[in-house]
Amino acid sequence: MKQVNEATFRPASSAAAATKISVGLDRVSKSFGAVKVLHDVCLNVAKGEFLTLLGPSGCGKSTILNLIAGFIECDGGEICIDGEVVTKTPTFQREIGIVFQNYALFPHMSVRKNVGYGLEMRKVPRVEIDRRVERALDLVKLADYRDRRPKELSGGQQQRVALARALVIEPKVLLLDEPFSALDKNLRGAMQVELKEIQRKAGVTTFFVTHDQGEALSMSDRIVVMSEGRIRQVGAPEQIYNRPADRFVATFIGDASRFSGLVDEVDGGRLKVMIGDTRLDIEARESSCSRGQSVDIFARPESIRIVPDGAPDSIAGVVRNVVYQGGHVDAYLDCEKMSSSPILVRLAAATGAALQRGQRVGIAIDAAGTSAFPTEKF
Amino acid sequence: MNLPLIGLVRLFTVLVALFVVAPAIVIVVSAFNEPAFMSFPPKAYSPKWFYVALANPDFQRGFANSVWVMLWASTLAVIVGTAFSIAMRRSEFVGKNLLESFILSPLVVPHFTIGLGILMLFVNVHMVQGFAPVVLCHTILVLPFVIRSVYISLHNLDLRLELAASSLGAKPRRVLTSITLPLLLPGIVGGWIFAAILSFNEFTGTVFVVSQSTRTLPVAMYNHVRESTDPAVAAVATLYIAVTMIVILLAFAFLGPGTGLNRDKRS
């Protein structure tokens, strides 16, 4: 984890020399009044990368987007786009495309006028505007709607117009501000696939802001997990999910059940922990763990198995609740000695159906996908 | 509710409505009075006073002056009011709320105060003869109504539309002309129409600032009534009501529902 962080946190100014860097943030900070919303954020994004800024509301992810767009100015630090410092460049010279949550289509213009707006501002000849607008509308499959007004389109269609409008100017960076939150659930999935496809075809560096971890995990090349104005972890989705850098990331991304344990042995990058009498050999995330320290152990629902009661190396538990979820079953287990909160296990529907409420079972934990962090002191 | 009570309520409603429109009805009916003095109900009916009124040089002059002042005052008020509204929206300063509520409450300062103030101002610079004091007086009087109208349009304007335009490469001036102003147009046009109506009907402030040559129609009518009691002034008043009603209908067409600009108001 450590070396990944160092690589991504390289200051932008030194990395700007490398041609592959598309957007660089170097120790960027921002306050609104007395509230500091960004603390010296460093981030380098490669050309064509799909990067997601993920975090709870108020974590500063939208502020980063607004800073890259130039809607607000940072208090300290530098922002580079394609190796050029743009910290003081006004928005209209930055060559960025942006899709807002409500799409912000111009209500008094037709779809064609909306999409052509950026080209018109660039004084592109009329004939070429028409050609490029048609191509952009083909890309988002809306060529038949070119003469409609935005309010005559469905939410999904409006979003595709907004995307075409942003992409037609061939921006250096594409910024997406929670673009799916106004769509209903069925459409959302389809649009996610479509958007990713369009982004890949266009090959444009993309910043995607969301608080929906499902979207983040399924669409991103890399995810930046943020909280309280700081970057907590940068990594590929699998890395974020399976090897969270700290307890915030472990609990914010995906479901995780927490066990209380003790560090038995620290061995290089490995950590041997005891949950009751059960010994677990897991990968160390933080270097600060020492022998005898009490830790919280976070296990993914897929990493927990139900074994017969009293099986060797298992933790005793009682089935509290079984929730049918269609394709699978979520079982909640009580394990009072080792965990203060219910343990979530995800089972195949057939296996889950056999469980009875109140039944005594054994809990086995797989080391993969399991993390330990020092217990928080209050 | 039982039936007699519903009947009473209806009767009351009709009486209130009659009370409100009664003066207008009296004026309109007596405009058709044949004899050379106003009376109600008329002894004999004739449209002749309309011809007399239309041929009266004082009324003709007053009408032309009124239209001239109205066009200048409401156009100036729209320009100043729109600029002011946009500037207010984009800036934050101490006392903004105070200034806003002062500008938006025309009733705080009585009309005659503004008329008198402008008269004194222009006497000092020896310019009381021209249209300048009249136009200025009307501009100040109608400004709050224009600003109010534009404010409402601005309030409904999504800021992200302007941000999107500037991200697409539009310089601030282009954002203003291609996005902000077109979307404010219903508010601007509505404000202009209200300003025009108010200016056309203004008397209290105007009476201080007009000269012989810049006398507006309401002032000309007032002077006429002081010297004569013939129904010509009632005929002019009838025409006044008709014109104002047409303009108000136009205003509703612009400001009422179905303007096609009911935008997404999520913040």
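Since we're looking at a predicted model, the values are computed, not measured.

All names here are of chain A. Strand order in the open sheet formed by five strands is S15-S19-S16-S17-S18, and the pairing between neighbours is antiparallel. In this open sheet, the two strands that pair with only one neighbour each are strand S15 (304-307) and strand S18 (343-348). Adjacent strand axes in the sheet meet at a mean angle of 45 degrees, parallel and antiparallel pairs treated alike. Two elements, strand S16 (residues 315-324) and strand S17 (residues 328-334), share six bridges in a ladder whose sense is antiparallel.

On to the sheet that holds strand S5 (residues 84-85) of chain A, then. All names here are of chain A. Strand order in the open sheet formed by four strands is S2-S1-S4-S5, with antiparallel pairing between adjacent strands. With one partner strand each, in any of the chains shown, strand S2 (35-46) and S5 form the two edges of the open sheet. Pairing of strand S1 (residues 21-32) with S2, which is carried by eight bridges, proceeds in the antiparallel orientation. Within S2, the residue paired with Lys30 across the bridge is Leu38.

Think of interface size as the accessible area that goes away when the parts come together; that is how it is often given. All names here are of chain A. Assigned domains within chain A: domain 1 (2-95 + 171-247) and domain 2 (255-374). Taken together, the contact pairs six residues of domain 1 with six residues of domain 2. Grouping the amino acids of the side of domain 1 that touches domain 2 by side-chain chemistry returns two nonpolar, one polar and three charged.

Glancing now at the packing of helix H6 (residues 155-167) of chain A against helix H7 (residues 185-202) of chain A. All names here are of chain A. In the contact formed by H6 and H7, the axes pass within 11 Å of each other and the chain directions differ by 15 degrees. The angle between H6 and H7 places the two elements in the roughly parallel class. For H6 against H7, the interelement crossing comes out right-handed. Along the contact surface, H6 presents Gly156, Gln159, Leu163 and Leu167, while H7 presents Leu187, Met191, Leu195, Ile198 and Ala202.

Here we come to the environment of Asn242 of chain A. When you line up the elements, Asn242 of chain A lands in helix H9 (residues 237-242). Spatially, the C-alpha atoms of Asn242 of chain A and Arg27 of chain A are 28 Å apart, while their sequence positions differ by 215 residues.

What follows covers unusual backbone geometry. Residue and element names in this part refer to chain A. In this model, Asp82 sits at a positive phi of 50 degrees, which is unusual for a non-glycine residue. Following the sequence through the fold, Asp82 ends up in the loop between strand S4 (76-81) and S5. By the C-beta count within 10 Å, which is 16 here, Asp82 ends up partly exposed. Even without being glycine, Glu228 reaches a positive phi, approximately 50 degrees. Within the element layout of this structure, Glu228 appears in the loop between strand S9 (222-227) and strand S10 (230-235).

Scoring rules and cut-offs
- For every chain, the first residue of the written sequence is number 1, and numbering continues from 1 onward in sequence order.
- As they are written, the chains are lettered A onward and the ligands numbered 1 onward, keeping that order.
- With the structure being a predicted model, the display of local features is reserved for residues of pLDDT at least 70 and the display and counting of side-chain atom pairs for 80 or more, all residues being used for whole-chain, interface and lining totals.
- Any two strands are treated as partners once DSSP identifies two or more bridges connecting them.
- Per the convention used, a helix needs a DSSP run of H or I reaching at least four residues, while a strand needs a run of E reaching at least two, with both numbered from the N terminus.
- To obtain an axis, a line is fitted to C-alpha atoms, over the contacting stretch when the element is a helix, and the angle between two such axes runs from 0 to 180 degrees between their N-to-C directions.
- An automatic or database domain assignment is the source of the domain bounds shown.
- Residues are defined as contacting one another if the C-beta atoms placed from their backbone atoms lie within 7 Å.
- Each residue gets one of three labels, nonpolar for Ala, Val, Leu, Ile, Met, Phe, Trp, Tyr, Cys and Pro, charged for Asp, Glu, Lys and Arg, and polar for the others, Gly among them.
- When describing relative orientation, an angle under 35 degrees is termed roughly parallel and one over 145 degrees roughly antiparallel, while 65 to 115 degrees is termed roughly perpendicular and anything else oblique.
- Whether a crossing is left-handed or right-handed is set by the direction in which the near helix is turned from the far one by less than a right angle, anticlockwise for left-handed and clockwise for right-handed.
- The exposure scheme places C-beta atoms from the backbone and then counts, for each residue, the other C-beta atoms within 10 Å of its own, assigning buried at 20 or more, exposed at 12 or fewer, and partly exposed in between.

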